[in-house]
Amino acid sequence: MLRIGAAAALLLVVLAGPALAGAWPREPGGVFLSLRIEDDGAASLYGEYGLSRRVTLGGQVSTDERHEPDDRLDLPPPRDGRISAFTRLALGPLEATNRFAFSLGISVPPDTVGMATRQRLEAGLHWGRGFESALGGGWATATARLLRDPDEDRPITDLSGLVGIRPAPGTMAMLALSRWRDDDGTYWKLAPSAGYELRPKLWLVPQVTRTFGDATETRTSLSLWLSF
């Protein structure tokens, strides 16, 4: 079970953000980086640093090429690039079967850094558990986040979960489901992905994300994960 937990600490950032970072803390001094490129040119760089056995610091810089909505297209509302930072605190026994953590974060669009009126605040609760199966070792996570954005009339809610499995050395398969609700409506995302170990501590992760709601959209992305 400890082996599964250690693997999960590396593998639970498939969506390139703190939402699915999991309840496992990074080892003290340990670093994780994820570079993600999407099919429309959007990109993000996500990172974590283990400050102590219980505290993990993280941040993300993201861009989006689709800034303006197009009424001719049946697409969800446009996303904006953001710069974010967060702290995640592991709760309870560090070697427990069920892991829990609490996180606090802040983010702003890149062109409004330092402007308090544009800061989005968030708080999250995280759960994670490793397991064994006939197909190999696996892990499951769930996250609930509450975000306060000055441009939204009510808090944003973000619920997400992920199940992953390692059927063979150097490979993994994952399935993530999330629900995002803001003033524009409610959107669900289903995201299957796979991972291939290029060399020790370096993974290639392709993913397909299907968005459902008032509008639908399918996106593909490719990520590189590096830990040291």
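In case you missed it, the structure is sitting above this.
In this report, the structure presented in the accompanying data block is examined. This structure is a prediction, so every number in the text was calculated from the model and none was measured.

Here we look at the pairing of strand β8 (residues 156–165)
Thought 1: Counting buried positions over the 10 residues of β8 gives seven, a clear majority of the element.
Thought 2: Pairing geometry for strand β7 (residues 136–148) and β8, over 10 bridges, is antiparallel. Opposite Ala144, over in β8, you have Leu159 as the bridge partner.
Thought 3: Of the strand pairs in this sheet, β8 and strand β9 (residues 171–182) are connected by nine bridges, and their pairing is antiparallel. Looking at β9, one finds that Leu162 is bridged to Ala176.
Thought 4: Connecting the antiparallel pair β8 and β9 is a turn made up of five residues, with Gly170 showing a positive phi of about 80°.

Observations regarding a nonpolar patch on the surface
Thought 1: Judged by side-chain polarity, Leu33, Leu35, Ile37, Leu45, Leu198, Leu224 and Phe228 come together as a nonpolar surface patch covering roughly 630 Å² of accessible area.
Thought 2: With three residues, strand β1 (residues 31–38) is the largest single contributor of residues to the nonpolar patch.
Thought 3: With respect to the helices and strands, Leu224 occurs in strand β12 (residues 217–227).
Thought 4: According to the relative accessible area criterion, Leu224 is partly exposed, its value standing at 36%.

Scoring rules and cut-offs
Residues numbered from 1 in each chain as written. Predicted model: local features only at pLDDT ≥ 70, side-chain atom pairs only at ≥ 80, totals over all residues. Heavy atoms only, no water. Buried < 20%, exposed > 50% of the residue type's maximum accessible area, 1.4 Å probe, protein only. Helix = DSSP H or I, 4+ residues; strand = E, 2+ residues; numbered from the N terminus. Pairing = 2+ DSSP bridges. Patch = residues over 30% accessible without salt bridge, like charges linked within 9 Å, V, L, I, M, F, W, Y side chains within 5 Å. Areas by Shrake-Rupley, 256 points an atom, 1.4 Å probe, with all protein chains shown as cover. Salt bridge = Lys/Arg side-chain N within 4 Å of Asp/Glu carboxyl O.

Note that all results are geometric; they support no functional claim without further evidence.
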